[in-house]
Amino acid sequence: LMPMYRTLPKNTHGNLERRSLRYLAYRYFHQKSALVIRGFEPTRPVNDSAWGAADILSEQVPGIVESVFESQHALEHGFDLQDAVQMVAALEQLIFDSESQLLEKIYGLQHKPLQRPLSEQGLGQVLEAYMAIWMAGDEVTPYLGKSRELAQIFPHWDKIVHFAHGQVSALNYQRQHQRKLSTGTSGGNALLSRYSFEDAHAVVGTITSSFASFWESECREMKRKLSTLDRQHTGRVPLSKFYGKSLTDSEWRFGESESYLRDLGALDETSWLGKQVIIPNYIQGANNCIVAASHYMVCCINECEPIMAEIETAVGAPLARPQQLLELVGNLTLADDDGVKLDTALVAQLESIASANGGQVPIHGRLFAQWLHYVFPRDCAFPHKAGAAQALSPTQYGEGYLASDNEIETHAKDTSAEVPLATMAKEELQWMSQWSHDEELIASYDGLLAGPQQASGVSKIVIVAGFFMLIPAGYVGVVGFNRKAP
């Protein structure tokens, strides 16, 4: 928490506003396990008198959260680092309790007494049922124990089952290692093959914290396929290619409708080349959150987080000089690239942001996030202005989230962008056409920002009620696995 905490703007008491505390909690869980806590999503409205988290601030939340959120001292003076630690711990307890409730439900469905130890086979049965309901909800209950049907519902169901059983193997290893340390022998394996409810809960806890890393291979494969169509490294793929046969044939992905992509914030409609899918906004969107539990979701890992974390660690303050940021970002190396390329246009844009803020750049502002998107177009999502996009899951969006065969065919026939993309230089494509000069800050910078120095077209600064869509993750429901629509 400390690197983020140090770089967030503080009030006159040296503490965080509630908007910043909410942002801190969201970033922490997304960094740690790619979890999106319901009630702490980026686009949920919040202000100085309301958290915008009614579904979190309920009877199910441990009392410490309410004491942190609503104490008179915090309301008057803001929130310090210890408040942030207590809130994160309370939310982790909420996740723990949520796991316990689902696990008890599975035991009940399988008529297994909570007090009776399970064999490894019995624990495997529990985990397979747990994974199915955890990922898709009660709708899959009729198919529990039916491997063939579950394999038709979930992509890579066999790998998911193998992953769950792998967590049991990890527990076995841990128990044997502890026994060897305490007794000097690894004997007694018969006893080690029995599992209490607490053991089962320990296993599902590791599943929650590590599932995003396991599923990341799918997210990276999506990114790889989209990136092969992004020859100019703009972080964008023409909608015609998105719906082209190279992606949609034999794929359960890449079938979202144009209207759904637009509402997700994954569609760039500003280019003369036509409509384009923004790669990081698509990958990090609600459509690709693979788990939707009652209090949280598991989404694709945000590849911009390590970049932002390194910047926060190096800067250690809410503001930074453009030259410091240029040197810092310019020395970063991407996994799929030799290095960062900062052309004159990108340098000018960063200097323009600083010019509007007395010579310094607010590193938690929309404009800096936008600049990072154009520096790392495949890794950092384009930050839409507040209210410009709706982060909706497929279930919440409804029937129209899938493109019809006719829609796919119509878009796939449009080849007007192919020749320019193949023959023109990146700069000639006017690839930064989506750039907006509107700033949005997640909290007040009163006393930190000096007056503008020839603002160069940058519009007025806005303190947003809900922080801008840095990461367009989902909210309600589950990911849709069958991507084709009639």
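Cut-offs used in this document
Residues numbered from 1 in each chain as written. Predicted model: local features only at pLDDT ≥ 70, side-chain atom pairs only at ≥ 80, totals over all residues. Heavy atoms only, no water. Helix = DSSP H or I, 4+ residues; strand = E, 2+ residues; numbered from the N terminus. Axes fitted to C-alpha atoms, helices over the stretch in contact; angles between N-to-C directions. Parallel < 35°, antiparallel > 145°, perpendicular 65-115°, else oblique. Contact = heavy atoms within 4.5 Å. Nonpolar A, V, L, I, M, F, W, Y, C, P; charged D, E, K, R; others polar. Disulfide = S-S within 2.5 Å. Buried < 20%, exposed > 50% of the residue type's maximum accessible area, 1.4 Å probe, protein only. Left-handed = near helix turned anticlockwise from the far one by under 90°. Core = buried A, V, L, I, M, F, W, Y, C linked by side-chain atoms within 4.5 Å.

1. Comments concerning unusual backbone geometry
- For Ala-34, which is not glycine, the phi dihedral falls at a positive 55°.
- Along the chain, Ala-34 turns up in the loop between α2 (18–33) and β1 (35–37).
- Of note in this structure, His-111 is not a glycine but carries a positive phi near 55°.
- Residue position: His-111 is located in the loop between α5 (81–109) and α6 (120–136).

2. Some thoughts on the packing of helix α17 (residues 344–355) against helix α18 (residues 366–375)
- Remark: α17 packs on α18, axes separated minimally by 10 Å, with the N-to-C direction vectors making an angle of 170°. On the basis of their axis angle, the class for α17 and α18 is roughly antiparallel. Between α17 and α18, the residues in contact are Leu-346, Gln-349, Leu-350 and Ile-353 and Leu-367, Phe-368, Trp-371, Tyr-374 and Val-375, respectively.
- Residue composition of the contact of α17 with α18, grouped by class: eight nonpolar, one polar and no charged.

3. What about the state of the cysteines?
- For the structure on display, the rule yields three disulfides.
- Through a disulfide, Cys-289 is tied to Cys-299; the S-S separation comes to 2.0 Å. Disulfide Cys-289-Cys-299: torsion about the S-S bond near 90°, hence right-handed. In this pair, Cys-289 sits in the loop between α14 (279–283) and β5 (291–292) while Cys-299 sits in the loop between β6 (296–298) and α15 (305–315), placing the two residues ten residues apart along the sequence. The pair Cys-289 / Cys-299 is uniform in exposure class, with both members buried.
- Each disulfide in the protein chain links cysteines that, numbered along the sequence, combine into the pattern 1-4, 2-3, 5-6.

4. Focus: the packing of α5 against α6
- In the contact formed by α5 and α6, the axes pass within 10 Å of each other and the chain directions differ by 120°. Put simply, α5 runs oblique to α6. As for the relative orientation of α5 and α6, their crossing is right-handed in sense. Two secondary-structure elements touch here, α5 through Glu-99, Leu-102, Leu-103, Ile-106, Tyr-107 and Leu-109 and α6 through Val-126, Ala-129, Tyr-130, Ile-133 and Trp-134.
- In terms of residue class, the contact of α5 with α6 is built from ten nonpolar, no polar and one charged.

5. Concerning the nonpolar core
- Judged by nonpolar contacts, the single largest core of 87 residues is most densely connected at Met-131, Trp-134, Phe-211, Phe-242 and Tyr-282.
- Apart from residues lying up to four places away in sequence, Tyr-282 is in contact with Met-222, Leu-226, Phe-242, Arg-253, Phe-254, Glu-256, Leu-261, Ala-266, Val-277, Asn-287 and Asn-288.
- The next biggest cluster of nonpolar side chains, apart from the first, holds 31 residues, and it includes Leu-328, Trp-371, Phe-376 and Trp-431.

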